[in-house]
Amino acid sequence: KGFTVASEDGKYSATIRGRFQMRETVTGQGVEGADRRWTQEQQIRTVRLFLQGHVLNPDLKYTLQLAFGGNDFEAGSSSPLFDVWVEYTALRDLNLRVGQFFVPFDRARTIRESGLQFVDRPLIIGELTLDRDMGLMLSSNDFLGKDGVLSYNLGFFGGEGRNRFGASTPGLLYVARFAVRPFGAFDDDVEGDLQRLPKPRLMVGVAGAYNQKTNRQRSTTGTTFVIGTFDYAHAAVDTVFKYNGLSVLAEALYRDGSPNFRDGTVNGQPAREWSRSGWGYLVQAGYMLTSKLEATGRFDLQKVRSDSDPALIAQVETAGREVGVGLNAYLNGHAFKIQGDYAYQFGRTGPTRHLVRLQLDASF
Amino acid sequence: KGFTVASEDGKYSATIRGRFQMRETVTGQGVEGADRRWTQEQQIRTVRLFLQGHVLNPDLKYTLQLAFGGNDFEAGSSSPLFDVWVEYTALRDLNLRVGQFFVPFDRARTIRESGLQFVDRPLIIGELTLDRDMGLMLSSNDFLGKDGVLSYNLGFFGGEGRNRFGASTPGLLYVARFAVRPFGAFDDDVEGDLQRLPKPRLMVGVAGAYNQKTNRQRSTTGTTFVIGTFDYAHAAVDTVFKYNGLSVLAEALYRDGSPNFRDGTVNGQPAREWSRSGWGYLVQAGYMLTSKLEATGRFDLQKVRSDSDPALIAQVETAGREVGVGLNAYLNGHAFKIQGDYAYQFGRTGPTRHLVRLQLDASF
Amino acid sequence: KGFTVASEDGKYSATIRGRFQMRETVTGQGVEGADRRWTQEQQIRTVRLFLQGHVLNPDLKYTLQLAFGGNDFEAGSSSPLFDVWVEYTALRDLNLRVGQFFVPFDRARTIRESGLQFVDRPLIIGELTLDRDMGLMLSSNDFLGKDGVLSYNLGFFGGEGRNRFGASTPGLLYVARFAVRPFGAFDDDVEGDLQRLPKPRLMVGVAGAYNQKTNRQRSTTGTTFVIGTFDYAHAAVDTVFKYNGLSVLAEALYRDGSPNFRDGTVNGQPAREWSRSGWGYLVQAGYMLTSKLEATGRFDLQKVRSDSDPALIAQVETAGREVGVGLNAYLNGHAFKIQGDYAYQFGRTGPTRHLVRLQLDASF
C-alpha cells in the first residue's frame, strides 16, 4: 500500500499513501410531541493523504497527514493539517517526538483512525477526550526492553488544540500515560482481533493530564472562551483484550474544569462562560465470525457534575447514553472494509435517536 | 504522464498526476446608458491533483481528484474534493461505481475537464446541467459486447451536490443515460478530433433524471433553499460526431422544477423561493487546420418558462445567448495546449458582453 | 530529497517534495502604563508540498508549490496555491516564465523560503516588498554568457497579488531587476555561507517596479481598497556578500503611493482610504562558527512619508525598528535545521516588544 521510495544507502525513505471513507447515514430523531423525524445524508466522510518516511538515518522519522473531508476543517481555518511530526527513535527507552499529533491520553481516541471496528468512535469520546495538539512527547513502546510489557508517554503540549494561531496566555497541557501488557506485546493500536491471536493478550493503561489556562471549552476542542481561561484536570483508565477473534476495549474518562464559570462582558453585554466537568465510560467488543466478518457491540455512558455547564447537563440528560451493534466485512483487513452499524442514543429523559450507518473505508 | 508504481503481482497500482490552468480574461461589459466597461483578470484558474489506481485486483479501481484553484471551492467549505470513487469493473455489462463523481447526465458536462476545445464549457451548462454528486452508478461502456456500440448509465445520488454535510430530507436523484455509437466505438469523452479519424464516428445519447426534494436552486448546485425542498425533472439529448479532423458536439437540455415557488418566512420576514425551469441547446464544432492547430465555433441559447424564477427570466432575457470562436494549439495534445477564444454573450434586450480569453492548460 | 521519476527518453521528469516548519514563539509586548504582557504560541507554521519537473523536453520546466499551514491562506480564500508556473529555458539569455510566483523585485524577499538564516524574514519585508503575483517573466541568470556575472528579470504581473479572482480595472505591475556578480557566479538565492566559499563572492542588484491601479493597500498585499485604485512606484537596491563562512545581506526599499488618499462612501458613510508610502533598509549577517553552527545578527528600520497613511505613521513610530540575533544548527544544511532567534522591536516612542523564537525546519 502506498508508494515507497528509498535511497540506496538507506538514509532516506518516503511513502505516499491515501485513505478515504464514504458514509451513508440515516437518522431518526425523536421530537417532543411530534413524529420522529427521519433524515439521511451521504458523504465523502474523509480523504487523507500521508507522506511519511525517514531522513538522514532510519531513526529520524517524520509523518505528515492531511485531511480533506468537508468536516475535517476547524471552523475559521482552511488548513488540512492533522499530523505533522518528527520523531527520533534511536533510544528504545526514550523516543522523542515533536510536532502536531494525538495527545497520548486515552486508548479509545488514539487508536489509529483506519483501525476502528465501528463506523465512528463512541459518542463519549467527542466530549471527554483530549484531541490532537502541538507539542513534544517522550515515550517508549518497550520500556526497559521487557518484550513490550511496559510502555509510557510523557507529553507537553500547547493545550489549545490543532492548527491554532494567535498568541495565548502561557499555560501548557501536561500528559502522562503508562500501560502494561502483562502477557506480552501485541497491537492494541487497532481494534478487532483479525489475526485471531492464539494466546490471550491484555493491555491496561492509566493516564492523567492537566491543561493549564486553556481557552477552549472541551479543553483542547470546542468553543473558544473569550472572558478568560480555565484549568482542566483529566484522567483515564483503559484496557484492551484480544484472544482468538474476540476483542474487548473498555475505558473510563474523567474531566474536571475550574473554575466552574467566569462572568464577564462580551460585546458590551454581561455574559457567563462555563467549563464542562464530567465523567463516563465505554465498553465495546467484537468477535470474528469468519476470517473476514466481525460482529460488534458497544455501550457508553456520560455523567456530568451538577454544578457544571447547564448545556452539558442538558446534553447528558437527553443524549448521554449509547448502545450500538455493528457488522464489519474486512475484504482486505482494515485497508478495505465495509462497515455497518446501528446506534440508539438516549438519556434519562427526552427524545431518543436512532442512527443507522453504512461505510466503505479504503486505504491505498 | 504522472508517476506510476505497481506491485509485481499486479494486484496494486497507483498513479499520481497533476494538471493546471492559467487564464487571462478580458471582459467588455455593456452598461445601460454608459460606456462599455472593460476589465481584466489573470488567474491560476485551477490546479488538480489526481491519485488513481487499483487495489486487490485490476478490476477494483479508485480515483481521487483534488482541486485547489481559488474558484474551485464551494462557498462555506474548505474541502478540495472533486472526485472520490471506487469502481468494480469485472463485469463488462455491469460496472459498479460508488463515491463522488460526475452525475452521468449530459455529454457536454461530463466530457473530461482536460479535454475541452474551448477555454471553458458553454454558458448554458452552468445553468442547466447536473453537477458532481455523491452516489452509486451502474454502467457499461460496451453493453452486450457489441464493440462499444451500446452504453448505459444508471445512477442514484444524494441530489444535493458535492461535499455536502448536514442531514437532508430523504429524496434521491435518479439518473438514466443511454448512448449508441452506430459506427463503432470511439472516444467521445474528449472534444476535438486530434487523431483525424479515418472513418466517421457518431454517438447519440439520451438521458433523464429526477431529483426528489432537493434543497438547491439549480438542482445539484446553486443557492440552498431554506423554506422547503423542490422536485426537478431533467432531460438531455446529445450527439458527438468526429471525422477526419472535424468534430461536432450538440445537445439540448431541459429542466422542470416544481412547485414554481414556496412562500415562507426567513429571519422573521415573509419570503418567496423559486425553482428554475427552462431549456436550451448548444452546438459546437472544431476542425483541425494542422496536426496541432484547431479552429472552433460555438452557439448556445437558453429559454426560461414564463412562470419560473424572475431572476432566471431576467438572466435569460439579457444574457441567454452566446456565440463564440476559438483557436487551439495542441503542443502535446490535450496534455499541453494553448487556447484562445472569443465569446459574445447577449439576450433579446439589455447590455451585451464581450469575452476574450487566453489559456494554458498543462498536465504532468 | 523527494521522489523523482523520469522517463527513459529524458523527455519527462517529476519530483515530489515536502517541507514543514514547527515554531515556538514567546512574545513580551510592552503595554502603556502596565506590566509587559507575555504570551506564547506553538504552531505548525507551514507545510509545503512541491511537484516539479519538466515535460516534453528538459527545457520546459514546471513547479507547483502548495502551502497548507493555518496562516498560509489569504483571508476569504481556501486555495493553498503559492507557486504555479511553467518556464522555457532553452535560450540562455531569454528564459520565459508564466504563472504565479515571486515578483522578481528585492533579494531579501525572493530568497527561497527554505534558505533563511533567521526564523523569519525581516519586519520591513512584510510592509515594503512585492509579494507573489500572477504574470509573465523574461529573465536570464547568465546574461550574455559571462559566467553568471550578469543577470536580469523583466516582469509583467496582474498587480493584485496571488490567488485573486474577480475582474479588476486594467493596470499591470511592471518590474525590472538587474544584478551583477563581479567576482563570478554563486548562489545568492540562499542565506548563509554554509560552504565557506574559498573566494569572496558579491552580488549587487537594483530593481524598480510600477504597480498601476492596484486595489491593495500594500501594493500586492494587504487590505483591498473599495473606493478606488492607487498607483505605486517601488525601488530596491540590495547586495549579498559571502566569503569563508561569512555572509552579509543588505538592502534598501522604497515605495511611493499616489494619490495619498481617496475620499468616498463605504456602506453609505463617508470614508477615506490611504496609500502607504515609505522606505527603509535592512542589514543582516551570519558567520559559520563550525561546519554546522551559525551565529547571525540583523538590523532593520522603516521610515514613512509624513503625508501618508496615519496608521502606517503610527506603526513606524512605535515598531519601525528591529534588532535581532540568532543561532542556527544546520544538521543537514538548510534541509534539516534548528533555528533560534531573539528580536527587539521598537520605535521612537511607545511600548517595545521582545520576541524569542525556536524553530525546526525540515525538508524531505
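Cut-offs used in this document
- Residues numbered from 1 in each chain as written.
- Chains lettered and ligands numbered in written order.
- Predicted model: local features only at pLDDT ≥ 70, side-chain atom pairs only at ≥ 80, totals over all residues.
- Heavy atoms only, no water.
- Contact = heavy atoms within 4.5 Å.
- Buried area = accessible area lost by both parts, 1.4 Å probe.
- Salt bridge = Lys/Arg side-chain N within 4 Å of Asp/Glu carboxyl O.
- Polar contact = N/O pair within 3.5 Å; in protein donor to acceptor, adjacent residues only side chain to side chain.
- Helix = DSSP H or I, 4+ residues; strand = E, 2+ residues; numbered from the N terminus.
- Nonpolar A, V, L, I, M, F, W, Y, C, P; charged D, E, K, R; others polar.
- Core = buried A, V, L, I, M, F, W, Y, C linked by side-chain atoms within 4.5 Å.
- Buried < 20%, exposed > 50% of the residue type's maximum accessible area, 1.4 Å probe, protein only.
- Phe/Tyr/Trp six-rings, centres within 6.5 Å; stacked < 30°, edge-to-face > 60°.
- Lys NZ or Arg CZ within 6 Å of the ring centre and 35° of its normal.
- Patch = residues over 30% accessible without salt bridge, like charges linked within 9 Å, V, L, I, M, F, W, Y side chains within 5 Å.
- Areas by Shrake-Rupley, 256 points an atom, 1.4 Å probe, with all protein chains shown as cover.
- Least-squares fit on C-alpha atoms with pLDDT ≥ 70 in both.
- Pairing = 2+ DSSP bridges.

Draft legend 1. Focus on the interface of chain C and chain A. Facing the 27 residues of chain C at the interface are 35 residues of chain A. Between chain C and chain A, roughly 2700 Å² of surface is buried when both sides are summed, and carbon and sulfur atoms account for 78% of that area. Linking chain C with chain A are zero salt bridges. Viewed at the interface, chain A and chain C are joined by three residue pairs in polar contact (both at pLDDT 80 or more). Of all the secondary-structure elements, those providing two or more residues to the side of chain C that touches chain A are strand E2 (13–31), strand E3 (34–54) and strand E19 (353–363) of chain C. Among the elements that line the side of chain C that touches chain A, the one with the most residues is E3 of chain C, at 10 residues. Here the residues of the side of chain C that touches chain A are counted per class, giving 13 nonpolar, 11 polar and three charged.

Draft legend 2. Here's a closer look at the nonpolar core. By size, the foremost hydrophobic cluster in this structure holds 69 residues, and its most contacted members are Phe-20 and Phe-68 of chain A, Phe-20 and Phe-68 of chain B together with Phe-20 and Phe-68 of chain C. Setting aside residues no more than four positions away along its own chain, Phe-20 of chain B makes contact with Thr-46, Val-47, Leu-360, Asp-361, Ala-362 and Phe-364 of chain B together with Tyr-62, Leu-64, Val-84, Trp-85 and Val-86 of chain C.

Draft legend 3. Quick look at the interface of chain A and chain B. Opposite the 27 residues of chain A that make contact, chain B presents 35 residues. Joining chain A to chain B, the criterion identifies zero salt bridges. Our enumeration of links across chain A and chain B arrives at three residue pairs in polar contact (both at pLDDT 80 or more). At the level of secondary structure, the elements contributing two or more residues to the side of chain A that touches chain B comprise strand E2 (13–31), strand E3 (34–54) and strand E19 (353–363) of chain A. Here the side of chain A that touches chain B gets 10 residues from one element, more than from any other, and that element is E3 of chain A. When its residues are assigned to classes, the side of chain A that touches chain B shows 13 nonpolar, 11 polar and three charged.

Draft legend 4. Spatial organisation of the pattern of salt bridges. All names here are of chain A. Overall, the coordinates contain 81 salt bridges over all chains when judged by the stated rule. Of the charged contacts, one joins Asp-189 and Arg-112 as a salt bridge, the two residues approaching to 3.4 Å between their closest N and O atoms. Taken together, the residues Asp-189 in the loop between strand E9 (173–180) and strand E10 (201–214) and Arg-112 in the loop between helix H1 (107–110) and helix H2 (123–128) connect sequence positions 77 residues apart. The class of Asp-189 is partly exposed, set by a relative accessible area of 23%.

Draft legend 5. Spotlight on the packing of aromatic side chains. Evaluated as defined, the whole model comprises 30 aromatic pairs over all chains. When the ring of Phe-156 of chain A is compared with that of Tyr-174 of chain A, the centres are 6.1 Å apart and the planes differ by 90°; the resulting orientation is edge-to-face. Linking Phe-156 of chain A in strand E8 (residues 150–157) with Tyr-174 of chain A in strand E9, this pair joins segments that are 18 residues apart in sequence. Here Tyr-174 of chain A falls in the partly exposed class, since its relative accessible area comes to 35%. Through successive ring pairs, a cluster of aromatic residues spans Phe-20 and Phe-364 of chain A together with Tyr-62 of chain B. Against the face of Phe-261 of chain B rests Arg-272 of chain B, its NZ or CZ located 3.8 Å from the ring centre. A cation over a ring is seen here: Arg-17 of chain C above Phe-50 of chain C, with NZ or CZ 4.4 Å from the ring centre.

Draft legend 6. Examining a nonpolar patch on the surface more closely. Residues and elements named next belong to chain C. On the surface, a cluster of nonpolar side chains totalling about 840 Å² of accessible area is made up of Tyr-88, Leu-96, Leu-136, Leu-154, Phe-156, Tyr-174, Phe-178, Val-206, Tyr-210 and Val-237. Among the elements of the structure, strand E8 (150–157), strand E9 (173–180) and strand E10 (201–214) are those that each provide at least two residues to the nonpolar patch. Within the secondary structure, Leu-96 is located in strand E6 (residues 95–101). Judged by relative accessible area, Leu-96 falls into the partly exposed class, the value being 38%.

Draft legend 7. Quick peek at unusual backbone geometry. Residue and element names in this part refer to chain A. Cis geometry marks the peptide bond from Ser-258 to Pro-259, where omega comes out at -5°. Structurally, Pro-259 is set in the loop between strand E12 (246–258) and strand E13 (261–266). One non-glycine residue with positive phi stands out, namely Leu-144, at about 65°. The residue Leu-144 is located in the loop between strand E7 (133–140) and E8 in this model. Using a relative accessible area of 44% as the deciding quantity, one classes Leu-144 as partly exposed. One non-glycine residue, Asn-244, lies in positive phi territory at about 50°. Here Asn-244 shows up in the loop between strand E11 (230–243) and E12. For Asn-244, a relative accessible area of 38% corresponds to the partly exposed category.

Draft legend 8. Seen up close, the relation of the copies chain C and chain A. When chain C is fitted onto chain A, the two copies agree to an RMSD of 0.0 Å after a turn of 120° and an axial shift of 0.0 Å. The operation mapping one copy onto its partner corresponds to a three-fold rotation axis. Minimal C-alpha separation from the rotation axis in chain C is found for Ser-78 of chain C, amounting to 3.2 Å. A different interface surface on each copy is seen, since only 15% of the contact residues of chain C are contact residues in chain A too.

Draft legend 9. Fine view of the pairing of strand E5 (residues 81–88) of chain B. Residue and element names in this part refer to chain B. Of all eight residues making up E5, seven are buried, and the element is well covered by its neighbours. Bridging between strand E4 (residues 60–67) and E5 involves seven bridges; their strand directions are antiparallel. Across the sheet, the residue bridging to Gln-65 is Asp-83, located in E5. As paired elements, E5 and strand E6 (residues 95–101) share five bridges and run antiparallel to each other. By the bridge assignment, Tyr-88 is partnered in E6 with Leu-96. Hairpin connection between E5 and E6: a loop of six residues separates the two successive antiparallel strands.

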